Amino acid sequence: MNRVPGNQLSKEFITELNTTLEKLENDDSCRGVILTSAIDSIFSLGLDSNEMYQKSIESTSAFWRTLQDFWMRLYGSKLAIVAAINGRSPATGCMMAMSCDYRVMSEGPFDIGFSEVTVGLVAPFWFQDVMVKTCGERQTEMAAGLGTLFTPEEALKIGLVDEVVPPCHLISKAREQLLKWLKNPGK
Amino acid sequence: MNRVPGNQLSKEFITELNTTLEKLENDDSCRGVILTSAIDSIFSLGLDSNEMYQKSIESTSAFWRTLQDFWMRLYGSKLAIVAAINGRSPATGCMMAMSCDYRVMSEGPFDIGFSEVTVGLVAPFWFQDVMVKTCGERQTEMAAGLGTLFTPEEALKIGLVDEVVPPCHLISKAREQLLKWLKNPGK
Amino acid sequence: MNRVPGNQLSKEFITELNTTLEKLENDDSCRGVILTSAIDSIFSLGLDSNEMYQKSIESTSAFWRTLQDFWMRLYGSKLAIVAAINGRSPATGCMMAMSCDYRVMSEGPFDIGFSEVTVGLVAPFWFQDVMVKTCGERQTEMAAGLGTLFTPEEALKIGLVDEVVPPCHLISKAREQLLKWLKNPGK
């Protein structure tokens with residue numbers, strides 16, 4: 001991902017991600033993907049709030065459908081997908097990472113979690129469901145209820161990420177894991 | 001709670017707790033509650049067995065309905081509720097604590113857990129469901145199947161309580177947590 | 001279990017296990033069982049692949065029904081059943097162990113887990129469900145998705161087994177646990 005300033009998920013950017021993933025799925029030479037960001041210290045800051053603030057019902061609905069379409073493709077993808085979380089990953093940034101098969105995160109002053117409630121929003125139930133699958137019921141209840149943003153080490157402790165490594169090893173570790181997921185015979 | 005000798009939950013006491021909670025929910029100046037006991041070394045010893053032993057079907061049904069009404073209010077409350085578990089908390093005492101948003105427990109020779117099976121009863125399925133949400137499937141299977149009563153440290157380890165502190169810090173820690181739950185914008 | 005070479009689960013062997021368990025359930029003097037193997041370093045190597053390779057649909061269906069019948073009896077048994085895992089326990093060997101009430105495993109160069117995917121098979125959804133109940137969603141997703149075989153220590157860490165002990169203490173520890181499950185008043 002490389003959409004300045006913070007990989008905010010606008011309708012246009014989500015559509016681009018969805019199309020790219022679809023192409024990779026249809027490319028027989030591709031069996032795995034590393035999802036990461038080219039922006040220093042930021043994986044993704046989540047939804048682009050311009051898409052939801054003072055918009056019409058129609059516009060908001062269309063935006064939401066675009067997000068759900070992308071999420072269903074990402075979560076249900078036949079490709080092995082490893083998130084290499086190189087920086088901040090709040091709200092829908094966290095959701096994208098959780099929808100991958102494995103998560104490696106950089107050490108550093110980065111936060112990850114469902115912060116929606118701190119700005120008066122509630123993380124949608126399907127966001128919460130994905131967190132339950134990742135961290136269990138109780139951690140989700142607390143994390144989503146309090147809007148906690150976790151450090152990489154805290155995220156590792158509750159199972160929100162699978163591994164925390166120095167930034168210089170992020171991509172090599174992600175690749176190493178991806179190879180593990182690709183090792184078994186495919187369909 | 002302050003019903004000698006051990007905050008046993010009689011129909012009358014449960015009704016009183018339910019009414020108090022309802023009043024607090026209707027009081028706009030109240031957004032959070034600390035549930036604790038004024039009785040030394042006892043949070044609650046659970047259901048008052050007098051309500052169930054050699055009683056008519058009608059009487060037992062009415063008692064059970066009273067319990068369920070209270071539980072639904074407690075578990076589903078819009079208030080933030082922190083349990084400050086100052087002592088023993090077996091059976092329905094444990095259930096009450098688990099139905100709060102957060103649990104702080106005193107260090108000390110106190111036990112907490114679903115002990116029903118040790119006297120030949122089975123913890124009702126909705127008790128078990130709440131434990132699953134708190135501790136996960138496997139811990140619940142063992143704890144409810146064996147009727148295990150946990151020390152505060154053991155309870156912390158399996159996630160049955162969230163924090164264990166010296167008795168002198170119990171209320172201040174509970175208050176600290178409550179403020180965390182109240183920090184985010186309400187409806 | 002004592003079916004050389006590796007307690008492979010043929011239709012005949014599964015039927016024998018099922019019948020034995022049924023007899024024990026109908027024997028009022030029996031309330032608990034320890035499931036273990038007489039074969040050195042092997043608990044069970046799982047399904048007998050001869051039953052599934054190049055067989056007719058009818059034959060495979062009958063085999064599968066036999067397996068499900070046994071599993072339902074084992075998992076739902078009114079007896080307390082402790083698995084004393086004395087050696088290797090891949091695939092359906094792991095499934096049998098997980099279907100008991102408690103698992104003690106021997107230290108040693110033994111592996112346990114759902115390895116199906118490494119040979120191009122997928123662990124059936126009811127296998128996966130039992131692992132979710134034992135280890136939670138995320139561990140199951142990874143373990144079944146990657147076909148991971150765990151050492152006893154790794155299995156303990158993710159909750160796949162409950163205890164790891166030196167081989168010489170395996171049966172005494174299993175018996176000790178069984179007594180815990182039998183301590184409470186039965187029906």
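Thresholds, definitions, all that
Residues numbered from 1 in each chain as written. Chains lettered and ligands numbered in written order. Predicted model: local features only at pLDDT ≥ 70, side-chain atom pairs only at ≥ 80, totals over all residues. Heavy atoms only, no water. Helix = DSSP H or I, 4+ residues; strand = E, 2+ residues; numbered from the N terminus. Rg over C-alpha atoms; globule rule 2.2 N^0.38 Å. Buried < 20%, exposed > 50% of the residue type's maximum accessible area, 1.4 Å probe, protein only. Contact = heavy atoms within 4.5 Å. Areas by Shrake-Rupley, 256 points an atom, 1.4 Å probe, with all protein chains shown as cover. Lys, Arg positive; Asp, Glu negative; His and termini not counted. Charge placed at Lys NZ, Arg CZ, Asp CG, Glu CD. Least-squares fit on C-alpha atoms with pLDDT ≥ 70 in both. Buried area = accessible area lost by both parts, 1.4 Å probe. Salt bridge = Lys/Arg side-chain N within 4 Å of Asp/Glu carboxyl O. Polar contact = N/O pair within 3.5 Å; in protein donor to acceptor, adjacent residues only side chain to side chain. Nonpolar A, V, L, I, M, F, W, Y, C, P; charged D, E, K, R; others polar. Pairing = 2+ DSSP bridges.

> Let's hear about the overall build of chain A: which residues, and what values?
Assigned secondary structure in chain A consists of seven helices and six strands. Ordering the α and β elements of chain A from the N terminus gives α-β-α-β-β-α-β-β-α-α-α-β-α. Here chain A has a C-alpha radius of gyration of 16 Å; the compact-globule value for 187 residues is 16 Å, and the two agree. The principal-axis extents of the C-alpha atoms in chain A amount to approximately 45 × 35 × 30 Å. Looking at the 187 residues of chain A, the share that counts as buried comes to 52%. Summarising the internal contacts of chain A: among those between residues at least 6 apart in sequence, 72% fall at separations of at least 24. Carbon and sulfur atoms provide 54% of the accessible area of chain A, an area that totals close to 9,000 Å². Mean positive and mean negative side-chain charge positions of chain A (18 and 23 charges, respectively) differ by 5 Å.

> Could you give an account of the relation of the copies chain B and chain A, naming the residues involved and the relevant values?
Structural alignment of chain B on chain A gives an RMSD of 0.0 Å, achieved by rotating through 120° and translating 0.0 Å along the axis. Between the two chains, the operation in question is that of a three-fold axis. For chain B, the minimum C-alpha distance to the rotation axis belongs to G136 of chain B and amounts to 4.3 Å.

> Tell me about the interface of chain B and chain A, and name the residues and values.
In this assembly, ten residues from chain B lie in contact with eleven residues from chain A. Between chain B and chain A, a total of about 920 Å² is buried, with carbon and sulfur atoms accounting for 53% of that surface. Ranking the residues of chain B by area buried against chain A places K133, W181 and N184 of chain B at the top, with a combined share of 54%. Counting across the chain B and chain A interface gives two salt bridges. In this structure, the salt-bridge partner of K133 of chain B is E137 of chain A, at a minimum N-O distance of 3.4 Å. At the boundary of chain B with chain A, the tally comes to five residue pairs in polar contact (both at pLDDT 80 or more). Tallied by class, the residues present in the side of chain B that touches chain A amount to three nonpolar, two polar and five charged.

> Requested: an account of the side chain of N7 of chain C, with residues and values cited.
Residues and elements named next belong to chain C. With respect to the helices and strands, the residue N7 is situated in the segment before α1 (11-26). At 2.9 Å, the side chain of N7 forms a polar contact with the backbone oxygen of F43. Among residues more than four places away in sequence, those in contact with N7 are M1, N2, F13, S37, I39, I42, F43, S44, L45 and G46.

> I'd like to hear about the interface of chain C and chain A, residue by residue, with values.
Taken together, the contact between chain C and chain A spans eleven residues of the former and ten residues of the latter. Note on chain C versus chain A: buried area summed over both sides is about 920 Å², and carbon and sulfur give 53% of it. It is E137, R138 and L146 of chain C that lose the most area in chain C upon contact with chain A, and together they represent 60% of the buried surface on that side. Our enumeration of links across chain C and chain A arrives at two salt bridges. Here chain C is connected to chain A by five residue pairs in polar contact (both at pLDDT 80 or more). Looking at the side of chain C that touches chain A residue by residue, the classes come out as four nonpolar, four polar and three charged.

> I'd like to hear about the pairing of strand β2 (residues 80-85) of chain A, residue by residue, with values.
Residue and element names in this part refer to chain A. Buried residues dominate β2, accounting for six of its six residues. Residues of β2 alternate between two faces, with A80, V82 and A84 on one and I81, A83 and I85 on the opposite face, all of them buried. Inspection of the sheet shows strand β1 (residues 32-35) paired to β2 by four bridges, in the parallel sense. By the bridge assignment, I34 is partnered in β2 with V82. When β2 meets strand β4 (residues 102-106), the two strands line up parallel, connected through four bridges. The partner of A84 across the bridge, within β4, is V104.

> A description of the pattern of salt bridges should follow, citing residues and the corresponding values.
Applying the stated criterion across every chain yields a total of 33 salt bridges over all chains. Here E25 of chain B and R73 of chain B are joined by a salt bridge, their closest N and O atoms 3.2 Å apart. Separated by 48 residues along the polypeptide, E25 of chain B in helix α1 (residues 11-26) and R73 of chain B in helix α2 (residues 57-75) bring together distant segments of the chain. In this structure E25 of chain B comes out as buried when scored by relative accessible area, which is 12%. Exposure remark for R73 of chain B: the relative accessible area of 24% places this residue in the partly exposed category. Notably, a salt bridge pairs R73 of chain C with E22 of chain C, separated by 3.8 Å at the nearest N-O pair. With a gap of 51 residues between them, R73 of chain C in helix α2 (residues 57-75) and E22 of chain C in helix α1 connect regions that are remote in the sequence. Judged by relative accessible area, E22 of chain C falls into the partly exposed class, the value being 35%.

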